[in-house]
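An overview of the molecular structure
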Amino acid sequence: MWEKGFVDGNGGNVSVRLDRNTFIVTPTLFSKADVRAVDLCLVDSSGALLKDRMEYYGHNPDVRPTSEFVTHLAVYCADPSARAVVHTHPPYTCSYAFTSEVPVKPLDPESAIWIGNLAMVPYAGPGSDMLAFKVEQMASGRNALILQNHGLLAWGKSIRDAYWRTEIVEAHCMKSHLVECRNAAPRNFTAEECRELEALRSVFLNGRDK
C-alpha cells in the first residue's frame, strides 16, 4: 500500500477477522511503511485491546488500534463472509471521491468481476458512528465502497483479495480518468455481455475469493 502510494503519512488501515469476536488491526499513528508484526493490535468487536493475549505474544505494549476500526466492523456486520478489510487513499480513486461522481461502469472483465457495483458513501467524519452506519447500509452485496472526500474501502474473504480489489479499483479509476481526459465515449458492455460477466463473477469469486 505504501510503496504504491495508496497511503501517506499515517493514513490507511487494515484489519483481519480471526473469529466472530477477534480481529487483528493496524495501529494508529503509524506509517504503513513502518508497521512491524509486533505493532499489530489484537482487539475484540468493541475495538478494545486484548492486552493479555498481546502481552503473551510479546507485542508492542504502547500501540493503540486504528480509530477507524468501527468502519471495518460495519463491513463485517454487513457481509458475514468478509475476512479482511483494506482502507486506503489511492490518488485516482480519490479524484472521484473528492467529487460527487462515481467512475464509469467497469470497462474491462477484471473490473466487472472484482469490483461489481461500485458506489460512493456520502461524507461523514473518519471513524465516526455516522460513517459506520452509512457503510453498513451500503456494503451488503458489494466488495468495495468509495468514501466521499476520504478514500476507498475494499474487502474480501482473504487479506490478499481485499488488497487485490484495492489495486483493481484504483486501476479502474485511473483508466476512467484517462478516458474522460480524452473526452472519449467509453464503450460499455452490452446487456448480454454483462450477464456473461456476472455469471463469471459468481463462479470466479465463489471458487477463488477464499
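Now for a description of the structure that goes with this document. This is a predicted model, so every value here is computed, not measured.

1. Brief notes about the nonpolar core
Membership of the largest hydrophobic core comes to 26 residues, with the highest contact counts inside it found for Phe23, Val75, Val135, Leu145, Leu153 and Trp155. Those elements that place two or more of their residues in this core are β2 (22–25), β3 (41–43), α2 (69–78), β5 (119–121), α5 (129–139), β6 (144–147) and β7 (151–156). Take this core: its biggest share by element is 6 residues, from α2. Once residues lying within four places of it in the same chain are set aside, the contact partners of Phe23 are Val16, Arg17, Leu18, Cys41, Leu42, Val43, Asp44, Ser45, Phe69, Leu73 and Tyr76. Core analysis: the next-biggest nonpolar cluster, separate from the first, contains 14 residues, Met120, Ile146, Ile168 and Cys173 among them.

2. Digging into the packing of aromatic side chains
In the structure shown here, the tally under the stated rule is 3 aromatic pairs. A centroid spacing of 5.1 Å and a plane angle of 40 degrees characterise the contact between Phe23 and Tyr76, whose relative ring orientation is tilted. In this pair, Phe23 sits in strand β2 while Tyr76 sits in helix α2, placing the two residues 53 residues apart along the sequence. Look at Tyr76 and you get buried, because its relative accessible area is 3%. Look at Trp114 and Trp164: their rings are 5.9 Å apart centre to centre, the planes differ by 70 degrees, and that puts the pair in the edge-to-face class. A residue pair is termed long-range when its members are at least 10 positions apart, and Trp114 in helix α4 (residues 109–114) and Trp164 in helix α6 (residues 159–181) qualify at 50 residues. Judged by relative accessible area, Trp114 falls into the buried class, the value being 7%. Judged by its relative accessible area of 31%, Trp164 falls in the partly exposed class. One aromatic cluster is present, formed by Phe23, Phe69 and Tyr76 through successive ring pairs.

3. Looking at α5
Here α5 has its buried residues at Leu131, Ala132, Val135 and Ala139. Buried residues in α5, looked at end-on, bunch into an arc of 100 degrees, giving them a common side. Exposed residues lying more than 90 degrees from the buried face of α5 are Asp129 and Gln137. In the core, the buried residues of α5 are packed alongside α2, β5, β6 and β7. Of the residues trailing α5, Gly141 is marked for its positive phi of about 80 degrees.

Calculation rules
- Residues numbered from 1 in each chain as written.
- Predicted model: local features only at pLDDT ≥ 70, side-chain atom pairs only at ≥ 80, totals over all residues.
- Heavy atoms only, no water.
- Core = buried A, V, L, I, M, F, W, Y, C linked by side-chain atoms within 4.5 Å.
- Buried < 20%, exposed > 50% of the residue type's maximum accessible area, 1.4 Å probe, protein only.
- Helix = DSSP H or I, 4+ residues; strand = E, 2+ residues; numbered from the N terminus.
- Contact = heavy atoms within 4.5 Å.
- Phe/Tyr/Trp six-rings, centres within 6.5 Å; stacked < 30°, edge-to-face > 60°.
- Arc of directions from axis to C-beta.

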